Amino acid sequence: MQANSSEDQPAGWIDAGGKRHAAADGEVRIVSLVPSLTELLFDLGLGDRVVGRTGFCVHPREALRTVPKVGGTKDVKLDRIRELAPTHVLVNMDENRRETVDELAAFVPHIVVTHPNTPQDNLALFALLGGLFGVEGEAARLADDLRGALAEAAALRATLADERVLYLIWREPWMTIARDTYIAATLQAVGWHTLPAVHGGETGAARYPAFDWDAPWLAKVDRVLLSTEPYRFRESHVDEVARLAGLPALLVDGEMVSWYGSRAAGGLRWLCALRRQLTGGAVC
């Protein structure tokens, strides 16, 4: 369930877990357990309210040097969060464990659940955090920028033939993405359809299936994309994958493809530029 705009919900905002939140008041202390959301908080002008973050929260790099770490997205240090006494903890259904969220709810007043699955879902995310923390103007600015990027992606897609791609996120075992993930939806926005054509559901391992290089659906793939995260694929892996797949292979910036929030607009424009470059067109 996506967050509603402030006009739709004057008494509060509903997060992706279906919980209604009132506007924050008094001292606000935020712990973010999601890298994309940590970056978004700073871009919304809320950096001075962020009192904790994961070790994977690395943007904005300089500003985060003084923000305490509370473990990883999966191995959260609950005692450290308790010491920080947050009023709000931001989590994501795909990136954080349900058990962790349940334990946090025992001592954190407000757990804000997010779950964007398409670039368009960021519009609701902006409205949720903007309304909740009183930065509606900044949220509206990000929303306008995203709408512009979505229009640019749609215009590009109208001029280029769609391609079918395999998007690699892990090696040994080789792993890719299901079509109902944020990454797949972002790629589809610029005309890259992911294979295999499977759906993994709301959460869980099925969203990131393993595969073998003799899978029959590989015959339909036009191009392989190697992401720089979560596995750190490098240029040295590109030739290996090209040989295994018998297809063109390309290293792509995983942050630009998979990070939602304030990076969504820039990510779409980055992918548009990449598609133009691969087809011999001008780069933005």
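Reading the values: the criteria
Residues numbered from 1 in each chain as written. Predicted model: local features only at pLDDT ≥ 70, side-chain atom pairs only at ≥ 80, totals over all residues. Heavy atoms only, no water. Helix = DSSP H or I, 4+ residues; strand = E, 2+ residues; numbered from the N terminus. Rg over C-alpha atoms; globule rule 2.2 N^0.38 Å. Buried < 20%, exposed > 50% of the residue type's maximum accessible area, 1.4 Å probe, protein only. Contact = heavy atoms within 4.5 Å. Areas by Shrake-Rupley, 256 points an atom, 1.4 Å probe, with all protein chains shown as cover. Lys, Arg positive; Asp, Glu negative; His and termini not counted. Charge placed at Lys NZ, Arg CZ, Asp CG, Glu CD. Pairing = 2+ DSSP bridges. Right-handed = clockwise from strand over helix to strand, strands pointing away.

Participant: Explain the overall build of the chain here, please?
Facilitator: Secondary structure summary: the chain contains ten helices and ten strands in total. Computed over the C-alpha atoms, the radius of gyration of the chain is 19 Å, within 12% of the 19 Å expected from 2.2 N^0.38 for a compact globule of 284 residues. If one aligns the C-alpha atoms of the chain with their principal axes, the spans along those axes are about 60 × 40 × 35 Å. Of all 284 residues assigned to the chain, the portion counted as buried reaches 54%. Taking contacts inside the chain between residues at least 6 apart in sequence as the whole, the part at least 24 apart equals 60%. A total accessible area of about 12700 Å² is found for the chain, and carbon and sulfur atoms account for 51% of it. Taking the average place of the 30 positive charges on the side chains of the chain and the average place of its 37 negative ones, the gap between the two points comes to 3 Å.

Participant: Help me understand the pairing of strand E6 (residues 110-114), please; the structure alone is not making it clear to me.
Facilitator: Consecutive side chains of a regular strand alternate in pointing toward one face of the sheet and then the other. Across the five residues of E6, four count as buried, placing the element largely inside the fold. Two elements, strand E5 (residues 88-92) and E6, share five bridges in a ladder whose sense is parallel. In the sheet register, Val91 faces E6, and the bridge partner there is Val113. Regarding the hand of the β-α-β motif, the stretch spanning E5, helix H4 (residues 98-104) and E6 is right-handed.

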